[in-house]
Amino acid sequence: GALVYQYPRRTICKSGTSMRMECQAVGFQATSVAWYRQSPQKTFELIALSTVNSAIKYEQNFTQEKFPISHPNLSFSSMTVLNAYLEDRGLYLCGATANTGQLYFGEGSKLTVL
Amino acid sequence: TQTVSQSDAHVTVFEGDSVELRCNYSYGGSIYLSWYIQHHGRGLQFLLKYYSGNPVVQGVNGFEAEFSKSDSSFHLRKASVHWSDSAVYFCAASMNNNRIFFGDGTQLVVKP
């Protein structure tokens, strides 16, 4: 079956340090990958959308300088939270779309910032 | 800009009751509408999706949702809830099914 694997599931980092998270599509090829953040008690905000052979498009309030994304092939994407502070804590979710149009979400990477 | 509005932050029902979770959207063109469920501390699980055709769509675990263009709504319903249905439910809208915008979520509590 198709699924999206995210790693790490949880991480704790010190304020001002960086954290890299990975998203692996298993059983399908991801033509696009979207990264979302769910801050505590909030909804999911779209950070950026990465489509193969296109530039990564960041939403308002999110920048490449803060959340650099790599999408080197059709099964893998990674995003780094640079210089993390308290407001960056939350659940980071990866959503990968297959060429069938079906969208799959991972379980998320939970970031705690001390 | 499309927006998704879930008017109820919390809904509490008893096991066996029916439930309707409301979702309204604002967008003039063709739109994908979907519902997801988030159990505590977990990721999103897909429930159902509508793009065109029959406005009543069936999802997993007995959930269904009805699209109404006139009301700009996509309410989620279940005829008889189980305690395991307790979770946060997110309504979502998208123009192309990969750039998705979520509502604020509705916390459903099912009491035994």
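Now for a quick tour of the structure. Quick caveat: nothing in here was measured; it's all calculated off a predicted structure.

Criteria and cut-off values
Per chain, residues are indexed from 1 in the order of the written sequence. Following the order in which they are written, the chains are lettered starting with A and the ligands numbered starting with 1. In keeping with the predicted nature of the model, local features appear solely for residues at pLDDT of at least 70, side-chain atom pairs appear and are counted solely at 80 or more, and the whole-chain, interface and lining totals rest on all residues. Side-chain measures here rest on the full set of heavy atoms in the structure, leaving out hydrogens and waters. Note on exposure labels: buried denotes an accessible area under 20% of the residue type's maximum, exposed denotes more than 50%, and partly exposed covers the range between, all computed with a 1.4 Å probe on protein chains only. By the criteria applied, helices consist of DSSP H or I runs no shorter than four residues and strands consist of E runs no shorter than two, each listed in order from the N terminus. Strands are labelled as partners when DSSP assigns at least two bridges between them. Between two residues, a contact is recorded if the distance between any of their heavy atoms is within 4.5 Å. Buried area is understood as the total, over both parts, of accessible area removed when two parts are fitted together, assessed with a 1.4 Å probe. Within this document, salt bridges are pairs made up of a side-chain nitrogen of Lys or Arg and a carboxyl oxygen of Asp or Glu, the two lying within 4 Å of each other. Think of a polar contact as two N or O atoms within 3.5 Å of one another; within protein, one of them needs to be a possible hydrogen donor and the other a possible acceptor, and neighboring residues in sequence only count if both atoms come from side chains. Each residue gets one of three labels, nonpolar for Ala, Val, Leu, Ile, Met, Phe, Trp, Tyr, Cys and Pro, charged for Asp, Glu, Lys and Arg, and polar for the others, Gly among them. What we call a nonpolar core is a set of buried Ala, Val, Leu, Ile, Met, Phe, Trp, Tyr and Cys residues that are connected through their side-chain atoms within 4.5 Å. Of the two site types, the cavity is a set of points on a 1 Å grid over the protein atoms alone where a 1.4 Å probe fits but cannot get out, and the pocket is an open set with protein on both sides within 12 Å along at least five of seven lines, each lined by residues with an atom within 4 Å of a point. Grid points are joined across faces, edges and corners, and a volume is the space filled by probe spheres set on the points.

## Focus on the pairing of strand 4 (residues 30–38) of chain A
All names here are of chain A.
Thinking step 1. Counting buried positions over the nine residues of strand 4 gives eight, a clear majority of the element.
Thinking step 2. Relative to strand 5 (residues 44–51), strand 4 runs antiparallel, the two being bridged by seven bridges. If you follow Q38 over to strand 5, its bridge partner there is F44.
Thinking step 3. Here strand 4 folds back onto strand 5 in antiparallel fashion, the turn holding five residues, of which Q41 has a positive phi close to 65°.

## Observations concerning the interface of chain A and chain B
Thinking step 1. Taken together, the contact pairs 19 residues of chain A with 16 residues of chain B.
Thinking step 2. Taking both partners together, chain A and chain B bury about 1,500 Å²; carbon and sulfur atoms supply 51% of that area.
Thinking step 3. A per-residue breakdown of the area chain A buries against chain B is headed by T43(A), F44(A) and F105(A), which together make up 30% of the total.
Thinking step 4. If you look at where chain A meets chain B, you find two salt bridges.
Thinking step 5. Where chain A meets chain B, there are six residue pairs in polar contact (both at pLDDT 80 or more).
Thinking step 6. For the side of chain A that touches chain B, the elements supplying multiple residues, two or more each, are strand 4, strand 5, strand 9 (90–98) and strand 10 (103–105) of chain A.
Thinking step 7. Per-element tally for the side of chain A that touches chain B: the top contributor is strand 4 of chain A, with four residues.
Thinking step 8. Grouping the constituent residues of the side of chain A that touches chain B by class yields nine nonpolar, six polar and four charged.

## What about the nonpolar core?
Thinking step 1. Core analysis: the largest hydrophobic core is formed by 27 residues, its most contacted members being W35(B), L47(B), L48(B), F74(B), L76(B) and Y89(B).
Thinking step 2. Those elements giving two or more residues to this core turn out to be strand 2 (10–14), strand 3 (19–21), strand 5 (32–38), strand 6 (45–50), strand 8 (63–68), strand 9 (73–78), strand 10 (87–94) and strand 12 (106–111) of chain B.
Thinking step 3. Counting residues per element, this core draws most heavily on strand 10 of chain B, at four residues.
Thinking step 4. Leaving out residues up to four positions away in the same chain, L76(B) has contacts with V19(B), E20(B), L21(B), W35(B), L47(B), L48(B), F63(B), E64(B), A65(B) and Y89(B).
Thinking step 5. If you look at the next biggest cluster of nonpolar residues, it comprises 25 residues, including M19(A), A25(A), M79(A) and V81(A).

## Re the pattern of salt bridges
Thinking step 1. This model, assessed by the stated rule, comprises eleven salt bridges over all chains.
Thinking step 2. Close ionic contact of D88(A) with R37(A) constitutes a salt bridge, the shortest N to O distance being 3.4 Å. Taken together, the residues D88(A) in the loop between strand 8 (76–81) and strand 9 and R37(A) in strand 4 connect sequence positions 51 residues apart.
Thinking step 3. Look at D88(A) and you get buried, because its relative accessible area is 4%.
Thinking step 4. Residues R42(B) and E107(A) are paired through a salt bridge, measuring 2.9 Å at the closest nitrogen-oxygen approach. Of this pair, R42(B) sits in the loop between strand 5 and strand 6 while E107(A) sits in the loop between strand 10 and strand 11 (109–113), placing the two residues on different chains.
Thinking step 5. Classification of E107(A) as partly exposed rests on a relative accessible area of 27%.
Thinking step 6. Members of the salt-bridge network, linked through shared partners, are R37(A), E45(A), K66(A) and D88(A).

## Some thoughts on the layout of surface pockets
Thinking step 1. Counted as a void, the largest pocket has a volume near 760 Å³.
Thinking step 2. Around the largest pocket, the lining comprises 30 residues; the ones closest to its centre are Q38(A), Q41(A), Q38(B), H40(B) and G41(B).
Thinking step 3. Of all the elements in the fold, those that place two or more residues in the lining of the largest pocket are strand 9 and strand 11 of chain A together with strand 10 and strand 12 of chain B.
Thinking step 4. A breakdown of the residues in the lining of the largest pocket according to their chemical character gives seven nonpolar, 15 polar and eight charged.
Thinking step 5. Considering the residues around the second largest pocket, the lining is formed by T43(A), F44(A), E45(A), L46(A), E59(A), Q60(A), N61(A), F62(A), I100(B), F101(B) and F102(B).
Thinking step 6. Contributing elements (two or more residues each) for the lining of the second largest pocket: strand 5 of chain A together with strand 11 (100–102) of chain B.
Thinking step 7. Looking at side-chain class alone, the lining of the second largest pocket contains six nonpolar, three polar and two charged residues.

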